[in-house]
Amino acid sequence: MPRPIPLSERFANWLPRLVLTPSLLIVLVAVYLFIAWTGWISLSSSKIVPKYDFVGLEQYFRLWSTPRWHTAVANLFIFSTLFLGVTTGLGLLMAILLDQKIRAEGALRTIFLYPMALSFIVTGTAWKWILNPALGVQKMVNDMGWTSFVFDWIAQPTFAIYCVVIAAVWQSTGFAMAIFLAGLRGIDNSVIKAAQIEGAGLPRIYRSIIVPMLRPAFLSVIVLLSYVAIKSFDLILALTGTGPGSATEMPSTFMYSATFRRDQMGVGAASAMMMLMTVAAIIVPYLYSELKENRDGH
Amino acid sequence: MATNATSLRRQRLIGRTVIYGALLFMAAFYLMPLWVMIITSIKPLDEIYAGSFIGLPKHITFEAWRSAWSEACNGTACMGLKPYFVNSILLTIPAVLLSTSIGAINGYVITKWRFPGSNVIFGLLLFGCFLPFQAVILPMAQTLGFLGLAGTLPGLILVHTVYGIAFTTLFFRNYFIGIPDELVKAAQIDGAGFIRIFVSIMLPTALPIIVVSCIWQFTQIWNDFLFGASFTAGENAPITVALNNIVNVSMGRKQYNVDMAAAMIAALPTLIVYVVAGRYFVRGLTAGAVKG
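Residues numbered from 1 in each chain as written. Chains lettered and ligands numbered in written order. Predicted model: local features only at pLDDT ≥ 70, side-chain atom pairs only at ≥ 80, totals over all residues.

In terms of helices and strands, chain A carries 13 helices and zero strands. When the elements of chain A are put in sequence order from the N terminus, they spell out α-α-α-α-α-α-α-α-α-α-α-α-α. Overall, chain A is about 90 × 60 × 30 Å in size when its C-alpha atoms are taken along their principal axes. Across the 298 residues that make up chain A, the buried fraction comes to 42%. (Helix = DSSP H or I, 4+ residues; strand = E, 2+ residues; numbered from the N terminus. Buried ≥ 20, exposed ≤ 12 C-beta atoms within 10 Å, placed from the backbone.)

Let us look at the interface of chain A and chain B. Each partner contributes residues to the interface: chain A has 75 residues there, and chain B has 69 residues. When residues in the side of chain A that touches chain B are grouped by element, the largest group, 17 residues, is from helix α1 (residues 7-42) of chain A. (Contact = placed C-beta atoms within 7 Å.)

Grouped together as the largest cluster of nonpolar side chains are 170 residues, with contacts concentrated most on A:V164, B:L81, B:V136, B:L243, B:A262 and B:A263. Looking at which element gives the most residues to this core, the answer is helix α7 (residues 160-185) of chain A, with 16 residues. In this structure A:V164 touches A:F79, A:L235, A:I236, A:L239, A:T240 and A:T248, once residues within four positions along its chain are discounted. (Core = buried A, V, L, I, M, F, W, Y, C linked by C-beta atoms within 7 Å.)

Next up on the list: the confidence of the model for chain A. The predicted model of chain A averages 88 in pLDDT, with 95% of residues at 70 or higher. Model confidence for chain A, summarised as mean pLDDT per element, is weakest for helix α8 (residues 189-197) of chain A at 81 and strongest for helix α3 (residues 67-98) of chain A at 95. (pLDDT = per-residue confidence, 0-100.)

We now examine the packing of helix α12 (residues 239-248) of chain B against helix α13 (residues 256-286) of chain B. Residues and elements named next belong to chain B. Where α12 meets α13, the closest approach of the two axes is 10 Å, and the angle between their N-to-C directions is 170 degrees. Here α13 runs roughly antiparallel to α12, going by the angle between their axes. Taken together, the residues of α13 that come into contact with α12 (itself represented by I239, T240, L243, I246 and V247) are D259, A262, A263 and A266. Among the residues making up the contact of α12 with α13, the classes are represented as seven nonpolar, one polar and one charged. (Axes fitted to C-alpha atoms, helices over the stretch in contact; angles between N-to-C directions. Parallel < 35°, antiparallel > 145°, perpendicular 65-115°, else oblique. Nonpolar A, V, L, I, M, F, W, Y, C, P; charged D, E, K, R; others polar.)

All names here are of chain A. For A104, which is not glycine, the phi dihedral falls at a positive 60 degrees. On the secondary structure map, A104 appears in the loop between α3 and α4 (105-113). The backbone of D263 sits at a positive phi, close to 55 degrees, despite the residue not being glycine. Along the polypeptide, D263 turns up in the loop between α12 (251-260) and α13 (265-297). D263 sits in the partly exposed class, given 14 other C-beta atoms within 10 Å.

Two elements in contact, helix α5 (residues 120-131) of chain A and α13(B), have axes separated by 9 Å at closest approach and are oriented at 150 degrees. The orientation of α5(A) relative to α13(B) falls into the category roughly antiparallel. Like other packed secondary-structure pairs, α5(A) and α13(B) cross with a definite hand, here left-handed. For the pair α5(A) and α13(B), contact is made by A:V122, A:T125, A:A126 and A:W129 and by B:Y256, B:D259, B:M260, B:A263, B:A266 and B:A267, respectively. (Left-handed = near helix turned anticlockwise from the far one by under 90°.)

See the structure below:
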């Protein structure tokens, strides 16, 4: 005859679930319900305050017929491509150089990584000053005698977005470097030794053996930096204030100003949903594959 | 033979020189903005307008730091950064402690008390790490309004705690998964319960990850701008919002030295934490690459 389970034991069995419940509820509400809520607003005619009627996809049509939004999407494309390319390439280069049994490696790593500890507002403030043509790099080069030197990208509508790229690369390369360096340190030295005995030179060993082995690091870097690129908001506000004009508008700044400044809450919500879908399309498959591998590995 | 060896050695020397040269060049590029911020903040304004942005100051003055701290204007008030610095401290400390505590318990349950569906719950939580906050700002503003917390520091603490849980849970989950289950089983046989095991077995081993989680949360919350700008206004603003306002005030001759001093003041707490505990900071950073 099975022994009846005492009440205290039954409570003990349920305690773990009970403890996890508040967090689960919080996340269900603050993430998933709120996303649905934003989705609902994006289907309504909300302007200054939320209205809970239903106008179908009207706000999405309005969004995609707004020139400012087209600028934002084009900028996001330019920015992400350059930001991802340069940050990944430079980060990999730094990691490889640092992996050559360098003296003062710790100090150099610290220098490459400290921008990650700064707020984007601080980064934007500093770079705005450096890139300022009247007082920054341009003036310095002019004063040194090269008077025709011009570096006024931050004031040029076509080039200002590249200034955002420069500052963002400066801030984030250390992150890519840290992940690549961890990947390099995980590679078995005997692989490299064996290739050296075969007579392969160091550049060749890196190109055809080591870099392919860093595939998981590449995946992490690219996915996480895409997320950084899509949500980047403070850097643009601090560096260019979405200007000159609206030349450096991005989806994140568009969402903010449509919602809080231009009383177009419905359009703002629609743009937020577009951002969310872009992030989800990148992140969800990544998380899925990472979790699956984890399960197989254990 | 001998010439061959010398040429090899020369080749190696050239290689080392190139490597060190490249690294030093990059180090200079990475340090330049910090250098520029510091020296600009201690120059008198005339020297800034006359001289080079990268050169050493002729006269050193901390006037700009004093002004940035206690009297710079941000468009609505001229109180410097001081009150907003205090706001940021008052909001960061409770939010860091709350989100780290919740994450520790969650990580413990998810790894050591697995039950059907606990993996799904972890997956649901995990997406919260990569949520573009724009997608939840509007409902959050409404909800804070319902709760009577709109525009207040407790409201902002709540927001940071809620959206911090995902990352802190990830940290502790990845850490606790490396602690053998046998330890927990043995303790259970000895009669220790859910809470005893957490307090006397898990927590004492978790010190490094507690540090990682606190540092990560501190950096994130201190540096946050979006939540601060969306959910607070005026005197309750955190330091990043105040800094942005001070820099964007356009009245009279632009006080670049004050801007840079203000930026340094806003940057110092996270910079100090980074210099003191950089190792833990990097661990938090790379934990975003989900595998522990």
